[in-house]
Amino acid sequence: MARTQRNKATMGHLGLLKARLAKLKRELIEPKGGGGGGTGEGFDVAKTGDARVGFVGFPSVGKSTLLSNLAGVYSEVAAYEFTTLTTVPGVIKYKGAKIQLLDLPGIIEGAKDGKGRGKQVIAVARTCSLILIVLDVLKPLQHKRLIEHEVEGFGIRLNKQPPNIGFKRKDKGGINLQCLVPQSELDGDVVKGILNEYKIHNADITLRYDATAEDLIDVIEGNRVYIPAIYVLNKIDQITIEELDVIYKIPHCVPISAHHKWNFDDLLELIWDYLHLVRIYTKPKGQLPDYEAPIVLKTGRQTVEDFCNKLHRSIIREFKYALVWGSSVKHTPQKVGKDHELADEDVVQIIKKV
């Protein structure tokens, strides 16, 4: 595929090859037959807290030291590779939110194909709200590309939004392709070729932007997860200031020293920004707001109804209205319904039906 010239004549052939490759990768990840071996001992860690952050990286880049110094959890540290053989969890409290940290065993090249228990490691990474890719600054940034390749091969898309492509299967009528903007790669023949590979002969496809064959395949597969990622460049105590200036220009990157606890403030602030969490404070009637224990919601699921459900499922049945103080309302306190969207650090008082 890399040697094939990209032009109008070869686009259909390339799209077909990409679709076949995606199908073969899926079969590798999800083997046929009912006798699955589970997730593997030590990998099934229960979800706790308001968000889950996974540390992914090659062996001996400082993931265990980072967890120990951030969360105060003992994760075995040694000078040899593959010290951590199971998932080690820890919890930190930051800005009122409980964030679960997972120190995952080091992955190696070929992890997506099952080498070095890579499948279990990346399967746990799929459940995270944020992935920290821990890299050693002394080793080349080629490691960054290798890890991205392994993670992408397992259906994880880092720092990307889901493709804005409409895809709807139907019983009859053939393939109906609608392009809302001019396409540089996809046309009717390429789309039909990819859909034929998946044995889909009747579907409505709407392309709302200049999409690629990979974008269309991701939508058809339907098992991709879109997770934000931060590249944590560890061991900055061993490089020069000039090299550090270059590192700061890399997007989604934060340089640290896990051993000396350097730049942890920047790291925690970036984790907070990437998690997109919203803190809501409760206010019992006739009392001051409780600023010590906020209710933490995710951006996009931050309505008054979501807030009530996080407190207790029964509250919404007795809900009459809510009084809100904060930036989401025009005047304070404002009476709102259950569909009102709350903003970070709003104060809410629930009024129940009599």
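Quick caveat: nothing in here was measured; it's all calculated off a predicted structure. (Residues numbered from 1 in each chain as written. Predicted model: local features only at pLDDT ≥ 70, side-chain atom pairs only at ≥ 80, totals over all residues. Heavy atoms only, no water.)

A. Seen up close, the sheet that holds strand β16 (residues 346–352). Spatial strand order, β13-β12-β16-β14-β15: five strands in an open sheet with mixed pairing. Each edge of the sheet is formed by a strand with only one pairing partner; in this case those strands are β13 (290–298) and β15 (334–336). Taken pair by pair, the neighbouring strands of this sheet meet at an average axis angle of 40 degrees, ignoring direction. Two elements, strand β14 (residues 319–325) and β15, share three bridges in a ladder whose sense is antiparallel. Paired with Leu-323 across the strands is Lys-335, a residue of β15. Seen against the sheet, helix α9 (residues 304–311) touches β12 (277–282), β13, β14, β15 and β16 and runs at an angle of roughly 115 degrees to β13. (Pairing = 2+ DSSP bridges. Helix = DSSP H or I, 4+ residues; strand = E, 2+ residues; numbered from the N terminus. Axes fitted to C-alpha atoms, helices over the stretch in contact; angles between N-to-C directions. Contact = heavy atoms within 4.5 Å.)

B. Representation of unusual backbone geometry. Residue Thr-332 is joined to Pro-333 through a cis peptide bond whose omega torsion reads -10 degrees. With respect to the helices and strands, the residue Pro-333 is situated in the loop between β14 and β15. At Glu-345, a position not held by glycine, the phi torsion is positive, near 65 degrees. Checked against the element boundaries, Glu-345 lands in the loop between β15 and β16.

C. Spotlight on the pattern of salt bridges. Here the structure, examined in full by the defined rule, presents 15 salt bridges. Put simply, Glu-197 and Arg-20 hold a salt bridge, and the shortest N to O gap is 3.0 Å. You can see Glu-197 sitting in helix α5 (residues 188–197) and its partner Arg-20 sitting in helix α1 (residues 8–29), a full 177 residues away along the chain. Given the relative accessible area of 16%, Glu-197 is considered buried. Note that Arg-224 and Asp-218 form a salt bridge whose closest N and O atoms lie 2.8 Å from each other. Like Asp-218, Arg-224 is buried. (Salt bridge = Lys/Arg side-chain N within 4 Å of Asp/Glu carboxyl O. Buried < 20%, exposed > 50% of the residue type's maximum accessible area, 1.4 Å probe, protein only.)

D. Local environment of the sheet that holds strand β8 (residues 203–207). Within the open sheet, the three strands sit side by side as β6-β8-β7. Their pairing is mixed. Every other strand in the sheet has two partners, leaving β6 (165–169) and β7 (175–179) as the edge strands with one partner each. For this sheet the average axis-to-axis angle between neighbouring strands, irrespective of direction, equals 5 degrees. On the sheet, α5 packs against β6, β7 and β8 and is oriented at approximately 135 degrees with respect to β7.

E. Region of interest: the environment of Val-121. Considering the arrangement of structural elements, one finds Val-121 in helix α3 (residues 118–125). Its relative accessible area of 1% is what places Val-121 among the buried residues. Between the C-alpha atom of Val-121 and that of Ile-107, which follows or precedes it by 14 residues, the distance is 7.3 Å.

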